Structures are given as structure tokens and as C-alpha cells.
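Observations on the three-dimensional arrangement
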Amino acid sequence: MRLVRVAASVAAAAALAAPVAASASFSSTPASFSPLTAFAAAGVTPRPAYPQQNVLPVWPDNPADASASIGDIPYDEIAPKLNALQAASNRISARVAGKSSGGRDLYAVVVTAPETAAEAAQQGAWRQLIEDEPVRAREDAALLAGYKTPLFVNGNIHGNEKEGTDAIVRVLEQYATSTDPAIEALLKRNILIFNVTSNPDGRIANTRANSAGYDLNRDLTIASQPEARLIRDLIVEHRPIITLDLHGYVNPTLLHPSTPPHNVNNEYDLYIKHGLPNALNIESGIAALGYPEVTRARIPFRDDAPGVWDDFPPIYVPSFAMLQSSIPYTIEAPLQPSGTGATAIRRADIDTDVHDVAIKTSLKYIQDHRDQVIFDQAEGYRRGWAAEPLRDIPVGYVEGWGEEDKYTTTFPRAYVIPAGARQRSAPAVKRLVDLLIASGGRVTIAKAAFTAGGNTYPAGSYVLDLRQPKRGLVNSLLEPGIDLTDRVDDLYAGPGAWSQALTWGATVDTLWDPLPAVDTERVYEGVAAGQVAAGEGDLVLDPQDAEDLLALNALLDQGVKTQRLADGSVLIPRTARALATAEATKHGTTFKAAPSAWTGASLDKVVVAYNGGSEVRDTLLALGFEGRAVTATTLTTTLTPDVDVLLVGATLNPATLNAANKAALDAFLARRGGVVGLTAAGAAFTTNAGLLTATATTGQSLVSGVANVVNHGGPVVNGAQPYAWIFPATWYSGLGANAVVEQSYAADPLLSGWWRPSNANNGQAQAAGKASVVHAIAPGGTGVVLIGTSPTVRLHAKGLQPQLGRALLWSASQTTAATAVEGTAGGSVPATLALTLGTPATFGAFTPGVAKEYTAGTTANVISTAGDAALTVADPSTTATGRLVNGAFALVTPLQASGGGAFAPLTATLKTYAAPVSNDAVTISFRQQIGANEPLRTGSYSKTLTFTLSTTTP
């Protein structure tokens, strides 16, 4: 343990107060600047003025809310309190900023002095100027005097760590109506942003996770949960000087800064120079509370060994915020208020006081070092624009800073995400681009084709120039990462590496120099344009992304009958072309022309029974499969005849099932229901069930990162990248004779991350060359797949999810087989125009002296092999053409005819055809008008008519 103590926070702050000189020649944007042009350049709308007050919906009283028993604020009382504060004060602005995974309101509250619209526009412009033109911003006297420095406080991210919310409400109540001139002045120079309870579902249920089952403080890298997305968005929007994430319970109170390993992309000198002194100030404030239980703090940077409490992966709120040029903290209140009664309430009150101290001390730190913290936030952005290397922070920079703290990286010049043939997945590209932009990165798109790094890229390729203010954030998400194994003995929570460029399924190229010489423009969302092969033939979909599986499962849900081909792709019949086009548009999926010859198996809607919890459940949902949770006691009710695959994501031992559930499993396997097993649990199941013998070995729990793998081919891994995400890694040996190894770990299995053995059998050397993906046909015909990588863990590895989807498709389609070979069959059709008439039409008797309309009808049968045809009727006679005659007498009004449409005098077109037709029955009607004064001659009026079927394209 480092146990090196800093003598005094004041001395430390003073020693680090000297600004770093800026590059005199550097300019990131044009010199012209105004609030409106700043926002337009950034692609955002101007910030509206405060207050922005809203009447929040009030939730019904919930006696089951776990907060009340220890004196904390029940969730249903938060909205009424915020409504009352808004009514009482024009300093408070509250809104429902989102919904939790369980559907509850998430409250974002801003506290600041009221603003005019012009003042608000100026504040927004200054905030943008700090990021866009940092040199100019930190030399702007008006900005330094008038900019409202932001503080962001995130409360209750772990639902059973409640007191952060109570401290936030206390601060809101104190600042709302205070007449203290110091508070009034503070709110004129600061803007405070509070996420009051970021996990209301967990708060009510007294659970760490949200209602979907996720630890939100492991989600900031991908923001899979709505609560995490709000935290991310508030940080990106407000760009806080200091970020506080309020937790419990570690005694003594734990405060950042953290131990190494530190994220290699941070400007750590700009953080630690403020992070440590403010932590010491918070510690002094906590001790001053006077509680005997709380006399000091635990500051991991000062007090713990490397790896005990690190800030390496940006999955945590503070780690993510640091990449936004914020000074972030986890604040772990000290006392677990378990149980009920006075003791629990006292502990909760002390925890609330601790968080209150952290908020107010941090706000004071901003005020005491205002120019410096603005300067240093701008300095972080300036270094990004200028592409300066990370600083080599000398030992002793702050007391306790040593060689063990030095983690750095070399930034490439740019990343290129190709469009066109070199890109393996357009939907994966869109997902990655959207993540980068939402996280605060800047992405451009090439307007023309270009060449860089020996590759040619088409227009539409994305270019990420790392000369940008948040280059560390972008690089942290895209670079491969480093191998930490030999640097630290432990990690706090992992992962040791996460590279979205290697684990999210898109092709991403790294360019070291120079920047591509091509015109680009900034974009604010990714685009994936779906494609469908031209023509009228069958189509094939090769699932390489979750969106591909969503499109396929949508077609299966609509009743499309497909064929799963031997290589893992899926044939879509030509009759479903219109449906495929709709799915391609929706999901950005590519449907190619099907091969003329293929071998495969019939595939319709796939239903999956699964165990393994929320991560397995939500991965199936992301792939579009219907999933049904199953346990060892519910096989009888879950393995119904429509279930196609059993996905074993956790322990399920056939040997310990009761008779009824064992019978249900046996029946499922007897009808060749498929089995997909994950990690060691899957191998244990397939071995115990007699399906596939496999011995699984798993690395210790914190083994994690990007693995090098070798793809040997097969329906599961065809098209896969040579990388996999592991958390931890599992590999298979002692495989049965029916096993086919599709993928194995490479000779050097760890590309980046942390992998130390915990015994002689689970290190990297033991995993090298061993199977990571296996498929087999069991003796009874069941399709079996084992996957030893981590396609479901934390929902992170988007690029591995399609492998799980392909495994499910393959194992579900072992009951039927089909083969198609292109051949010829045919016959000839003679040119045919055939017309047959029915009984002649007759009007009956005409009545003299009475005005009347008479009708008659006949039929025609039409056969035509021509490209078009027309059926007409004409009067060929030269005597009273078009009128009925009786010897020398003719009717006054012309005869009219119709083939189902409007009546027309002869010659009349009865019906037209745009394509060949066989045995079309046409009803032909005639109409004759007789006037009241029209003379009629005794006898019969008639005319011989000619019906013609003709064509212009025989």
C-alpha cells in the first residue's frame, strides 16, 4: 500500500497553479465567433434561458418503497418536493429527462441564477467556445468573469445506495430560496446540474441494479440502459468542471483519485492537480462534521495498492467524465444503514451529510480556483486540437505520483471507417458512429474517394481526425488497448480492454500519417443504407450483425419460409423480395443474389428457451429471437413443442432434474431440439446430457479484454473477425469425436486486457490453440454449439452477438435438409388469340310511344398469349352504322356497349389486357334508348356486330 500522505491541500493546489503555455500558432476554428455561429458549427441548438420549469407528474404513494424505513426520501415524494421548489424559486428548473428501464421518471434539475434569453445564448456560446477555440476562450476576459462554471452531481446510480439523492434534495432546498448574498453570488457564477436519482427502480426495490438487472456504473462505455444514456447525455451537454457520482458504502469514506491503472488516454496531469487537492478538502470537511464514525477518508491514489480501485475502463461515471475534461469523483459514503430504527436512520443521516460536504466543497473548489479550472479544461481540449503528445508527468508531480501511475498512449493521426466492399457490416458502422457522436466525439464523412495507408476508400467513408477536442474519448473507444497483465496484480472490476473498433463488428482502419487529402463534412448520425440484389431471383442474407438477425427474424415472424445454407447464410425466396426490401431499408441489411446451387435446411421462426439472466435475455432480444426464460424446475412448462433451441447460459445439470423435468428435456432432445451452450456451463450441460463431451477451462473472473482468435470456418464463425471479447475466457479440450472446431484461441491469445492465471491450468499458455467455438451433431441428431468467448456479457461485444445468432439458427435447423441444383425444364407456347362468344344478346320487345332504356347482354371468353390485348366491338355495316335497323328503318339513338366499364357507342373498346390471360370471362352489356315520339316499324331491329381480340405485341 502506498500510504504516502499529502501534507496540505492548499500547498498542493498552489504548487500546481501555473498555467501551461499555449501554442501561439494554434487556431482550431475561424476567428469569427458569435453565440449563433458557435452553436451552428457544433450542430446544436442554443441553450434556452433558465428557469425552465415544468410541473412534474406525481407518482402514487408506494408503501413498499425501501427508502422510507431508514428515513430516506421515498421516490414518490421527490416530484412533489421538486414541484414545490419550482413554485417557490426561479433558481430551480426541473424536468423529466427520461424514463428508467422500469418506466419511472428520471429527474434532471438545474440550479442557477435566472437568465435572459440573451444571457443564456451567451452562456451557451462561451461553453462552446471553450471546446471549439480553447486558446481564445481562456484569454477572453468576459468569459472568465461571466461564464457559469458547471458542476454535475449524479445521485443513487446504485439503487441501494440512497443517500446521494437525499443530499441533492437538501442542497436544492437550501439554494432555492436562500437570501445569503454568498449563495446568490455563487449561483450567478455557477450552474449546478443534478441527476436526482439515476436508478429509481433500484431505489424502490433496494437493489444495486436497475429493474432490467444491470449495474449502471458498468455501462457508460456502451450506454445500453436508458439511465446510463441520460448520465452520458448530461455530461456531454453540460461539460462539467467537476463531476460527483454519489455512492455508498465504504468506510472510511472513499474518494477519488484512484489507483493505477489509469486510462491511457487521459490528460492526467490536468486531472490530478485538482483531483487530489479537492479530495483532501472533502476529507477535511468530513472530519469537521464531528461524527466519531467519520474522521478521515480513504483516497485510493494515496492509500491503496495499484489495481485495488482503478479508473482504467470508461465504464464508470467518473472515468467517462474524465475523458470529457471533467474532474470526476466517486464518493462512497461510509455507513451501511441496514435494518430499521434509530441506528439505521442515524447512519443514513451521516451518509447524507458526507455527500452534502462533497457537493459544497467541490463547488467551493471551483470558486477558489475558477480561472485555473477553466484554463485547464480548455487546455485539455487545446491539446486535442493541436495533436500534442500526452505529457510525461514527472515523479512527484503531486505527492504520491510515481512510475506506477504512468499510463500513456500514442495517438494515431486518424481512424477511417470504410464504406463499400472493404466494410464487413454497414449496420455495425452506423452503431459505432452513433456511439462516438453521442459520447462527444466528432465524426466526418468523405465527399469523394481517396487513398490513405495503402488503401482506397470510396466516398461515404467516415474519417475521424484525432485533432479534435475529445480525442482521448474517441481513441479510448477505438484503439486496441494495452496488455495490463504484467503491470498490475488486480483490477477493481474490469474489463481490461474493450475496443469498439475490434469488438463491435465494423471494419476500422488506423492511419498514423498523414490525414487523408479529401474534403469531408461533419455528421451527427451514422447511416446504413440497405441493399437488395437486382433481379427477380432468390436472395441470400449472411448475418454479420445484430441488425441482420433482426431483419431475418422479422421475415420469419411474417411467415417467410427460408433455407439455412451450409455456410451459415440464409436463403430468402424470391416471393419475399418485397418483404426483404422493407427489412433492408429498416435495418441497413444487405441481401445478395442467391447462388444457383445450394445445400441447406428449412428454417422458420426460431423460439429459444434460455437460462442465464438479463444479459442472455437482452442479447436474444437484440437479435430478434423470441426468448423464454427457463429453470431446472420449469422445463415441463417451457420446453413446449414450438421451442427450437435451448440456450444454456448458466448452470443446468440434467443429472439433478426431477423426473418430470428430465422427461421434458429428453422429449425436447428426441425431437432434435437444438442446444447452444455458453462458457463452462454449456460444456457441463452437453457433457452430462450425452450430446457433446467437452472439458471447459475458464480464466479467473477478472480475465478480460480483446483476444486473438483463429477462425477455421463453419456455419457459426464464417465471416467473423480474428478478434473476440472475453470476460473471462473459456476454452474447450477433451472434445468428443463428433466435435468440429470452428474457432480457437491464437498462439498469443491476449491482444489487450488483463489475463493472469489463478492456477496452473488457466493462463494464456494453456488457452493457446484451444477451441473457443465448437459445433457437433449429437448421436440423436441434435445440433450442438459451444461458445467460450463472451457474446452476452454486459451486452458489450456487438460483433460477437451475430455468432450467437448463427449458432441458434444452425442448431435449430437440424431436423430437415434440402439441396438445390440449377437445371432446365421448359416447353413452348404457341401464339394464341382466342375469343368465344356466348348466347346472342336480345332486347326483347320495344314499346312504341314510351320513352325507355333497354338493356341486353352476352359473354365472351378470352385467351391471349400476347404481351397485351384489346377486346373491341364494331358495326361493319355501311347502312346506319352503329344503329339497329329494320329493313329500311333505323333507330334514332346509336347502340352502346360496355365490357364492365362505361358504355360507349360503337366502335367500343370492351376490355384491355397488359399481360397474357387464359379463360377470362367477360360480361358484355348493350344499351338502347327509345324516345317517346320515336316512330317504330313493325318487325325486328338488329345488326350483325364484329367482336375483335387484337394485340400489338404478339
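None of the values given here were measured: they were computed from a predicted structure. (Residues numbered from 1 in each chain as written. Predicted model: local features only at pLDDT ≥ 70, side-chain atom pairs only at ≥ 80, totals over all residues. Heavy atoms only, no water.)

1. Focus: the packing of aromatic side chains
Here the structure, examined in full by the defined rule, presents 16 aromatic pairs. Both rings, one in W731 and one in W755, keep their centres 5.9 Å apart while their planes meet at 40°; by these two values the pair is tilted. With a gap of 24 residues between them, W731 in strand 31 (residues 730-733) and W755 in the loop between strand 32 (739-754) and helix 25 (764-767) connect regions that are remote in the sequence. Residues F843 and F846 carry aromatic rings whose centres are separated by 6.0 Å and whose planes lie at 40° to one another, so their mutual orientation is tilted. (Phe/Tyr/Trp six-rings, centres within 6.5 Å; stacked < 30°, edge-to-face > 60°. Helix = DSSP H or I, 4+ residues; strand = E, 2+ residues; numbered from the N terminus.)

2. A look at the nonpolar core
In terms of nonpolar packing, the biggest core is built from 63 residues, with L82, F194 and I359 touching the most fellow members. Sequence-distant contacts of L82, defined by excluding residues within four places in its chain, comprise L56, A94, Y107, V109, L172 and V196. Core analysis: the second largest hydrophobic core is formed by 49 residues, I193, A212, V236 and L323 among them. (Core = buried A, V, L, I, M, F, W, Y, C linked by side-chain atoms within 4.5 Å. Buried < 20%, exposed > 50% of the residue type's maximum accessible area, 1.4 Å probe, protein only. Contact = heavy atoms within 4.5 Å.)

3. Remarks on empty space enclosed by the protein
Taken as a whole and judged by the stated rule, the model has 6 cavities of 30 Å³ or more. Of the pockets and cavities examined, the largest cavity occupies roughly 250 Å³. Together, 21 residues line the largest cavity, and E267, M322, S325, S326 and G380 are the ones closest to its centre. In terms of residues, the lining of the largest cavity owes the most to one element, helix 15 (residues 370-386), which gives 4 residues. Of the volumes computed, that of the second largest cavity is approximately 130 Å³. Residue lining of the second largest cavity: 16 residues in total, with Y268, R391, I393, Y407 and T408 positioned closest to the centre. By residue class, the composition of the lining of the second largest cavity is 5 nonpolar, 4 polar and 7 charged. (1 Å grid on protein atoms, 1.4 Å probe; cavity = no way out; pocket = protein on both sides within 12 Å on 5 of 7 lines; lining within 4 Å. Points joined across faces, edges and corners; volume = space filled by probe spheres on them. Nonpolar A, V, L, I, M, F, W, Y, C, P; charged D, E, K, R; others polar.)

4. Side note on the environment of A739
Locating A739 in the fold gives a position in strand 32. Sequence separation between A739 and L692 is 47 residues, and the spatial gap between their C-alpha atoms is 7.1 Å. Non-local contacts of A739, meaning those with residues more than four positions away in its chain, are made with L692, V774, H775 and A776.

5. Observations concerning the sheet that holds strand 15 (residues 462-465)
In spatial order, the strands read 16-11-15-12-17; together these 5 strands make up an open sheet with antiparallel pairing. Looking at the sheet topology across the chains shown, the edges are occupied by strand 16 (509-511) and strand 17 (520-523). Taking the axes of each pair of neighbouring strands and ignoring which way they run, one obtains an average angle of 30° across the sheet. (Pairing = 2+ DSSP bridges. Axes fitted to C-alpha atoms, helices over the stretch in contact; angles between N-to-C directions.)

6. Remarks on the UniProt feature "domain: Peptidase M14" (unreviewed entry) in the protein chain
Under the present numbering, the feature "domain: Peptidase M14" (unreviewed entry) in UniProt falls on residues 71-435. Within residues 71-435, the helical portion is 45% and the strand portion 16%, while the C-alpha atoms at the span's ends are 40 Å from each other. (UniProt positions renumbered as here; feature names shortened; annotations may be inferred.)

7. A look at the packing of helix 11 (residues 268-287) against helix 14 (residues 342-368)
Remark: helix 11 packs on helix 14, axes separated minimally by 9 Å, with the N-to-C direction vectors making an angle of 135°. Overall, the two elements helix 11 and helix 14 adopt an arrangement that is oblique. Between helix 11 and helix 14 lies a crossing of right-handed hand. Every residue of helix 14 that contacts helix 11 at K273, H274, P277, N278, N281, I282, G285 and I286 is listed here: V354, V357, A358, T361, S362 and Y365. Taken together, the residues of the contact of helix 11 with helix 14 break down into 7 nonpolar, 6 polar and 1 charged. (Parallel < 35°, antiparallel > 145°, perpendicular 65-115°, else oblique. Left-handed = near helix turned anticlockwise from the far one by under 90°.)

8. Here's the deal with the packing of helix 21 (residues 614-623) against helix 26 (residues 801-812)
A pair of packed helices is captured by two measures, namely the crossing angle of their axes and the spacing between those axes. Contact geometry of helix 21 with helix 26 gives a least axis separation of 10 Å together with a crossing angle of 80°. In terms of axis orientation, helix 21 runs roughly perpendicular to helix 26. On helix 26, the residues that touch T619, L620, A622 and L623 of helix 21 are Q801, P802, L804, G805 and L808. Split into classes, the residues belonging to the contact of helix 21 with helix 26 amount to 6 nonpolar, 3 polar and no charged.

9. Brief notes about the sheet that holds strand 4 (residues 190-195)
Strand order in this open sheet of 8 strands is 1-2-4-3-5-10-6-8, and the pairing throughout is mixed. At either margin of the open sheet sits one strand with a lone partner, and together these are strand 1 (92-99) and strand 8 (297-298). Sheet topology places strand 3 (residues 149-155) next to strand 5 (residues 242-248); 5 bridges connect them, and they run parallel. Residue pairing in the sheet places G155 in a bridge with L246 of strand 5. In this fold helix 7 (residues 163-177) packs onto strand 1, strand 2 (105-111), strand 3, strand 4 and strand 5, with an angle of close to 145° to the strand it touches most, strand 4.

10. Some thoughts on the environment of S325
By the secondary structure assignment, S325 is in the loop between helix 13 (317-322) and strand 10 (327-333). It is 50 Å that separates the C-alpha atoms of S325 and T638, two residues lying 313 residues apart in sequence.

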